Amino acid sequence: MYDLNDLNPAQREAVELMEGPLLLLAGAGSGKTRVLTHRVAHMIGQGIDPWSILAITFTNKAAAEMRERITSLVRSEGKGLWVGTFHAVCMRILRMEVEKLAGYGRSFVIFDTADQMALLRAVLKELNIDEKRFAPRALLAAISNAKNKLWSVSDFELQAGDFFEKMAARVYGAYQEKLFANNAMDFDDIIMLTVRLFREYPQVLGYYQNRFRYILVDEYQDTNHAQYVLINLLAERYRNLCVVGDDDQSVYGWRGADIQNILEFERDYPEAAVLKLEQNYRSSGSILAVANAIVRHNRGRKEKALWTQKGDGERVAVHRAADDVEEARFVVDQVLGLRDELGLNYGDFAVLYRTNAQSRGLEERFVRAGAPYRVYSGVKFYERMEIKDILAYLRFIYNPTDMVSFRRVVNVPRRGIGDTSVQKVLEYVEGRGSGSGYEEGMGAGSGSGVRTHGVSGTGTGEQILFLELLASPPEDMGLQARAVKALKGFAELVQSLREAAETGGTLTGLTRMVLEESGYWEALKADGTPEGEARLENLEEFLNVTAEFDEHAAEYLEDLELDPEQNLVLLGGFLERVALVADIDAYEDGEDVVKFMTIHSAKGLEFPVVFIVGMEEGIFPSSRSVMEPALLEEERRLCYVAVTRAKERVFLLHARRRMRFGRTEPGVPSRFLEEIPARLKDEDKDKGYKSSQSSRLSRSRDRIGEGGTGSSGSEGKTVGDWRSRGTPVAPVAAGAFGSEGSGGSSGAAGALRSGGSPGAAGSMESESRGQDLPQMAYHVGDRVIHPSFGQGIVMSCRNEGGEDVVTVVFAGEIKKLIVAYARLEKV
DNA sequence: TAACGTTCTTTTTTT
DNA sequence: AAGAACGTTA
């Protein structure tokens, strides 16, 4: 049971003040989650029906954590409570009510960024708009912006100032029409259309207003206008709205988040109580001082004074590395050293960076050192070709109006339905389908009018129309006989899979069926290349994901109040989950590995030791922000978030030179480093762990031929600068590559890459700089490893036209490779 | 129609 | 450096 005595006075007040609006300004590490969970538990303890409580978070992870912690406080008494992200909550509402939005069907699907892109490009093609002049990405961003502001197409047209915006408004209309015809929504639609539903159907809004008498919103500083409106509509009646946030941690402006929402809460709710949580329980005094010193440079923030009872602890270390390679090496050395010296676990360390691309170099170093790590990256797994393919199959089975998925799978594996044929089909459908009826009302405005749907449509009946069309393509479609036959076969395939899905059974069973009956599996097995192998492994991994879903399907559906008997509900639930659940949600605290992630992903997490790498102008702060004060402030807040993740130790790293876009560029230390007073920094002195022992250790793990990178090595006495350690030694015995082993995939769960995966072991540095090296001789009989061919043995070496060429026998194939370019590593 | 080769862009951050 | 996009060839 929850115990209010565990809370400090401010926290306790925040828990006990249940009625009326409340703004809770919770600094980093101030026990915010604790307050939120206790608050809900307290409400339930005081007799408030959990059924009438809605708690909204930003990430699925936060939602899961909150639910778990509440459950542990109130046991089973929490039944009926809604905890979820904005998107999950809206989906839940839309699932029940979407058919009120004339034209959308129950089995609508969510289009992710790649789908949006594909759809938009189709639109641009139709409108004859040149992609070179109007970058699809920029157009999508503009459309997303409009949606976040709840602008309808005509709103956007009215607002549009310059030529680009006018074009974007026009594209918005066509894009939206196409989404609609596909019975699909993008991420922004999920919020926008829920708002529209509420506005157009007061009785629906009324139901939810009455139900959710108590509303809590976490990370309020990250809400955008659409989310803001949504919340305020829901809270209008009872005004029991508790928002929690920290303006210093607002880092989603680029996604439309409006920091004003939190800054002006008191204007919106004049009767609101305002409480501040200022005691930090997470970080040492030194860390807090640095974080405060940085964020102080922002204007327009609510002044607050975070404090801690903890001692100062170690000073924050700032390390200047010679280059990106050395930066990565420094991190590994520190991890290994601190682990030994302080008895820390790998799991106590996190490496944070501004962009996902920065993980690669670090990974190489960790693989080599045999230090276990895991990359928590955005979407990687679901971006893989084969995963997208199988998902497209599943989506098309679920919603046979989804032309994006149709396009993707219709000729995969090859069925002899080429681009020309597909184009003809799509044009035929377009010609019949589109037209009037849409124009207005996709925004928040009133969307009256009947929409015409040609073939694609919404009701189950209409949906099958497209499949029927494929099953017997009319003459005037102009297809070749061969294509007609192939198309028929495809239609039958999908139809039979759809029937199988309707009959029930597990998702895993269905997926296997898709893979087998489509011939996808077979084609991939016949492929025989290492890439094909990796793809097969990824599909196996995907089947693990579906199996996991199957296992928890019952409770998942029950939780969402979905009827498992209903047709395709399992498939729909899975697709929704895949679309909305990011990989960071798979974050496991218990795992004893070093965690790599972006700072955005790290928000809400904490670690004993934090490394922040790439602290250079143009990287962090990002080059796009430096000219724009508002953006720069957001970068600074991001830096604040990064530093405040740490409990004990922080290492800030920057490099004098860095490989970017394939070339070496000079690095200028981040201005954020300058903003830290000298007395708070421990600059490039001996910090953390560093001994000759560790140097030797790390050197023995170096790459082949290291030490001749061609860079002039006269840079001062950077701590840990490998150049000071003299000339390179010859490659060492097997085992130097740690856990890399045979290079077989460890099949990281979900989208997570982890140490030991073939991809990570792949690109060795010798590949990029090998030409500069005094090339290590490759002797006949040497065992070598290649990122895609795997292990092999050198059969011959000679010099052809000035290039060292080796012949290597790999498993199953013999290759002639030019040493300077081949990504070969001696084992 | 598909496979291949060359040129070009890419790096924010995520639901 | 790596991947996508585009154009050329079998």
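A quick note: this is a predicted structure, and the numbers were derived from the prediction, not measured. (Residues numbered from 1 in each chain as written. Chains lettered and ligands numbered in written order. Predicted model: local features only at pLDDT ≥ 70, side-chain atom pairs only at ≥ 80, totals over all residues. Heavy atoms only, no water.)

Please explain the overall build of chain A as it appears in this structure.
Helix and strand content of chain A: 32 helices and 22 strands. Sorting the 827 residues of chain A into buried and exposed places 56% on the buried side. When contacts within chain A are restricted to residue pairs at least 6 apart in sequence, those whose partners lie at least 24 apart make up 76%. Total accessible area on chain A is roughly 34200 Å²; 50% of this is exposed by carbon and sulfur atoms. (Helix = DSSP H or I, 4+ residues; strand = E, 2+ residues; numbered from the N terminus. Buried < 20%, exposed > 50% of the residue type's maximum accessible area, 1.4 Å probe, protein only. Contact = heavy atoms within 4.5 Å. Areas by Shrake-Rupley, 256 points an atom, 1.4 Å probe, with all protein chains shown as cover.)

What exactly am I supposed to notice about the packing of aromatic side chains here?
What describes a pair of aromatic rings is the distance from one ring centre to the other and the angle between the planes of the rings. Evaluation of the coordinates by the stated rule reveals 29 aromatic pairs. Note on Phe 549 and Phe 574: the rings are 5.2 Å apart at their centroids and 70° apart in plane angle, and the pair reads as edge-to-face. With Phe 549 in helix α25 (residues 530–559) and Phe 574 in helix α26 (residues 569–580), this residue pair connects regions lying 25 residues apart in the sequence. According to the relative accessible area criterion, Phe 574 is buried, its value standing at 2%. Seen from their ring centres, Phe 620 and Phe 672 are 5.5 Å apart, and the 75° between their planes marks the pair as edge-to-face. Here the residue Phe 620 occupies a position in the loop between β13 (607–612) and α28 (629–643), and Phe 672 occupies one in helix α29 (residues 671–674), the gap between them amounting to 52 residues. Like Phe 620, the residue Phe 672 is buried in the burial classification. The structure contains a cluster of three or more aromatic residues connected by ring pairs, namely Trp 82, Phe 198, Tyr 207, Tyr 208 and Phe 212. (Phe/Tyr/Trp six-rings, centres within 6.5 Å; stacked < 30°, edge-to-face > 60°.)

Looking at this structure, how should I read the nonpolar core?
In a soluble, globular protein the nonpolar side chains are often hidden away together inside. One finds Phe 406, Phe 490 and Leu 571 to be the most contacted residues of the largest nonpolar core, which totals 136 residues. Discounting residues that sit within four places of it in the chain, Phe 490 has contacts with Tyr 393, Phe 396, Phe 406, Val 409, Val 410, Arg 415 and Leu 470. Among the nonpolar cores identified, the runner-up in size contains 41 residues, and Ala 293, Leu 605, Cys 639 and Ile 676 belong to it. (Core = buried A, V, L, I, M, F, W, Y, C linked by side-chain atoms within 4.5 Å.)

I'm lost on helix α4 (residues 86–97) in this one. Help?
One turn of an α-helix holds 3.6 residues; hence residues three or four places apart share an orientation. With 12 residues, α4 extends 16 Å from end C-alpha to end C-alpha; this agrees with the ideal 16 Å at 1.5 Å per step. For α4, the tally of buried residues reaches 10 of 12 residues, placing the bulk of the element in the interior. Buried within α4 are the following residues: Phe 86, His 87, Val 89, Cys 90, Met 91, Arg 92, Ile 93, Leu 94, Arg 95 and Glu 97. (Expected span 1.5 Å × (residues − 1).)

For this particular structure, what's the right way to read the sheet that holds strand β7 (residues 241–245)?
Picture the strands of a sheet paired through backbone hydrogen bonds; they go either parallel or antiparallel. Across the sheet, which stays open at both edges, the 6 strands sit in the order β3-β2-β6-β7-β1-β8 with parallel pairing between neighbours. Bordering the open sheet on either side are β3 (82–85) and β8 (273–277), each of which pairs with just one other strand. In this sheet, neighbouring strand axes are inclined to one another by 15° on average, regardless of whether the strands run parallel or antiparallel. In this structure, strand β1 (residues 22–26) lies alongside β7, joined through 4 bridges in parallel fashion. Of the residues in β7, the one forming a bridge with Leu 24 is Val 244. Relative to the sheet, helix α2 (residues 32–45) contacts β1, β2 (53–57), β6 (214–217), β7 and β8, its axis offset from that of β6 by approximately 170°. (Pairing = 2+ DSSP bridges. Axes fitted to C-alpha atoms, helices over the stretch in contact; angles between N-to-C directions.)

Explain the pairing of β2 here, please?
Remember that side chains alternate between the two faces of the sheet whenever the strand is regular. When you tally the buried positions in β2, you get 5 out of 5 residues, the bulk of the element. Pairing between β2 and β6: 4 bridges, direction parallel. From the neighbouring strand, Ile 56 faces β6, where its bridge partner is Val 217. Where β2 meets β3, 4 bridges bridge the pair, whose relative direction is parallel. Paired with Leu 54 across the strands is Trp 82, a residue of β3.

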